[in-house]
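Close look at the chain arrangement
Now for the letters of each chain:
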Amino acid sequence: MTSLRVRIGFLSMALLAGLSAPASAVSADGAPAPVPAPTVEEQRLDRAVPQEILRRSGFDAVAPEFARALDSADSFARARHIVVREGSALWRRAVDRAQRRGPAAGDLSPDDDRPLYWARLGMTRHVRTWEPGFGLSQSQRAALLDGLERASRGETDLRLPHGKGVRRILVTGFDPFTLDRDIRISNPSGATALALDGTVIETADGPARVETAVFPVRWQDFAEGTVERTLRPYLPKADLFATVSQGRVGRFDIERTNGAWRGGFPDNDSVGRTETIPVTEPAAQPQWTTTTLPYAAIVAAHTGRFPVYDHTEVTEIPAGGTEAVVRPDGPTPGSTARAGGGGNYLSNEIAYRATLLRDRLGLHDTLPGGHVHTPVLQFGTGNTDPSTGTVTDPEFVRNRLDIIAQVRSIVTAAADATFRK
């Protein structure tokens, strides 16, 4: 687990090899293709807080070193190799830091997910604005960005064991979000993914290997199928899965029902979407999907200091109605979704997409899976003002560590209830 898993680079290169494109950077009408500007998300990188997080974690050299490596590329093929290699190395470095393998530079707590997030943005910004001497088409640049994103998020690093004797569990997390409200924000689900990746937990039926990935907080990536592309090869091999995100203050929620609706809240690129969740085969798209996690057993287990709830509330437009109403006990027959138990943002959407994929693969009755909402990760008393507060404090670290430990216990409780049958 301490290796860089070089095989990942070759696999990802193979996946991208089919993306052919002209060698020169030209648009459809023959004019030179403009170099894209940094995204809204990438533009936040130069602010003081992200730079402090990178410096205090030792990740401040990641993007400059990556830029030097990429600038040496004399062909698209070489550039593709570099972005996949360096993206995978960033993911492994973040996982190793979170799991305290090797020396950890800086004084930022090793469990912090933010260095990975901000270092990745430094890398994507360079690829987005890069002007190599050999010319780069729009489709080639998109392929490089895609390869970098997937490799640096653990999506190409999933290693479920084969054969009998070890169970297989998938867990996903998210990037930090609502950064314009407080740019210091960390996401405990992303931190959990780093802490659990490649670890083995002991269950009632023996050991279980946990593999993880972290998803972006961007509507467009979800519309383009990043969840399905990542999970489809692995759900048939898994014994249990949990999508995890940050939810409500002071509590965990096992979300019972997921809705097919986007509520429009701005994502990390300040883009909102209000629409039915776009999926393939929309004619067969259900308004609701449900968890198959053993929620009763999870709620009954003692997993940590935060209370855990079986959350059943949804918002729907009843059959024949026109106004949205809140239903505390789940949707009524024929209703139209306006919010699942996890709301109508990307937490709900990853839960909806993952469970819909489970069902379309014919695994509803055999694969336990669903969504877990963690408590909001809060800073300590006296450190709540983003304009004057510090990027970390002892209570902040304690809260994150407790949430990570409790997610591990929740996953173990789910496995115990499932695997002992």
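Residues numbered from 1 in each chain as written. Predicted model: local features only at pLDDT ≥ 70, side-chain atom pairs only at ≥ 80, totals over all residues. Heavy atoms only, no water.

What to know about the overall build of the protein
Along its length, the protein carries 13 helices and 14 strands. Relative to the compact-globule value of 22 Å for 421 residues, the protein shows a C-alpha radius of gyration of 21 Å, a close match. Per-residue burial over the protein gives 57% buried out of 421 residues. Here the protein has roughly 17,000 Å² of accessible surface; of this, 54% comes from carbon and sulfur atoms. For the protein, the centre of its 49 positive side-chain charges and the centre of its 50 negative side-chain charges are spaced 4 Å apart. (Helix = DSSP H or I, 4+ residues; strand = E, 2+ residues; numbered from the N terminus. Rg over C-alpha atoms; globule rule 2.2 N^0.38 Å. Buried < 20%, exposed > 50% of the residue type's maximum accessible area, 1.4 Å probe, protein only. Areas by Shrake-Rupley, 256 points an atom, 1.4 Å probe, with all protein chains shown as cover. Lys, Arg positive; Asp, Glu negative; His and termini not counted. Charge placed at Lys NZ, Arg CZ, Asp CG, Glu CD.)

Section: helix α13 (residues 394–419)
For α13, spanning 26 residues, the distance from its first C-alpha to its last is 37 Å, which sits close to the expected 38 Å at 1.5 Å a residue. Here α13 starts with a cap whose side-chain oxygen sits 3.0 Å from the backbone nitrogen of Glu395, and that cap is Asp393. (Expected span 1.5 Å × (residues − 1). Polar contact = N/O pair within 3.5 Å; in protein donor to acceptor, adjacent residues only side chain to side chain.)

Re the confidence of the model for the protein
In this model, the protein carries an average pLDDT of 92, and 92% of its residues clear a pLDDT of 70 or more. Counting interchain partners and residues more than four positions distant, the pLDDT-below-50 stretch residues 1–25 has 55 contacts. (pLDDT = per-residue confidence, 0-100. Contact = heavy atoms within 4.5 Å.)

Some words on the sheet that holds strand β14 (residues 369–374)
With mixed pairing, 7 strands are arranged side by side in an open sheet as β2-β3-β1-β4-β14-β5-β10. Of all strands in the sheet, those with a lone pairing partner are β2 (200–203) and β10 (308–311), marking the two edges. The sheet shows a mean angle of 30 degrees between the axes of neighbouring strands, direction not considered. Two strands pair when backbone bridges link them, and strand β5 (residues 252–255) and β14 are joined in this way by 3 bridges, in the antiparallel orientation. (Pairing = 2+ DSSP bridges. Axes fitted to C-alpha atoms, helices over the stretch in contact; angles between N-to-C directions.)

A few points about empty space enclosed by the protein
Scanning the model with the defined rule gives 3 cavities of 30 Å³ or more in all. Approximately 60 Å³ is the volume found for the largest cavity. Mapped onto the lining of the largest cavity, the elements with two or more residues apiece are β4 (240–246) and α12 (346–360). When grouped by side-chain class, the residues that make up the lining of the largest cavity number 5 nonpolar, 4 polar and 1 charged. One number sums up the size of the second largest cavity: a volume of about 50 Å³. Lining the second largest cavity are Asp113, Leu116, Tyr117, Arg120, Phe174, Asp175, Pro176, Gly190, Leu194 and Val214. Of all the secondary structure elements, the ones that give two or more residues to the lining of the second largest cavity are α6 (114–129) and α8 (188–196). The biggest single contributor to the lining of the second largest cavity is α6, with 3 residues. (1 Å grid on protein atoms, 1.4 Å probe; cavity = no way out; pocket = protein on both sides within 12 Å on 5 of 7 lines; lining within 4 Å. Points joined across faces, edges and corners; volume = space filled by probe spheres on them. Nonpolar A, V, L, I, M, F, W, Y, C, P; charged D, E, K, R; others polar.)

Considering the nonpolar core
Among the nonpolar cores identified, the biggest contains 40 residues, and Phe66, Leu70, Val83, Trp118, Val127 and Leu144 are the most heavily contacted of them. Mapped onto this core, the elements with two or more residues apiece are α3 (48–57), α4 (62–71), α5 (76–98), α6, α7 (138–152) and α8. Top element by residues in this core is α5. It accounts for 10 residues. Residue contacts for Trp118: discarding those within four places in its chain leaves Glu41, Arg44, Leu45, Pro50, Ile53, Leu54, Leu179 and Ile183. Listed in part, the 26 residues of the second largest apolar core include Val210, Phe252, Val308 and Ile403. (Core = buried A, V, L, I, M, F, W, Y, C linked by side-chain atoms within 4.5 Å.)

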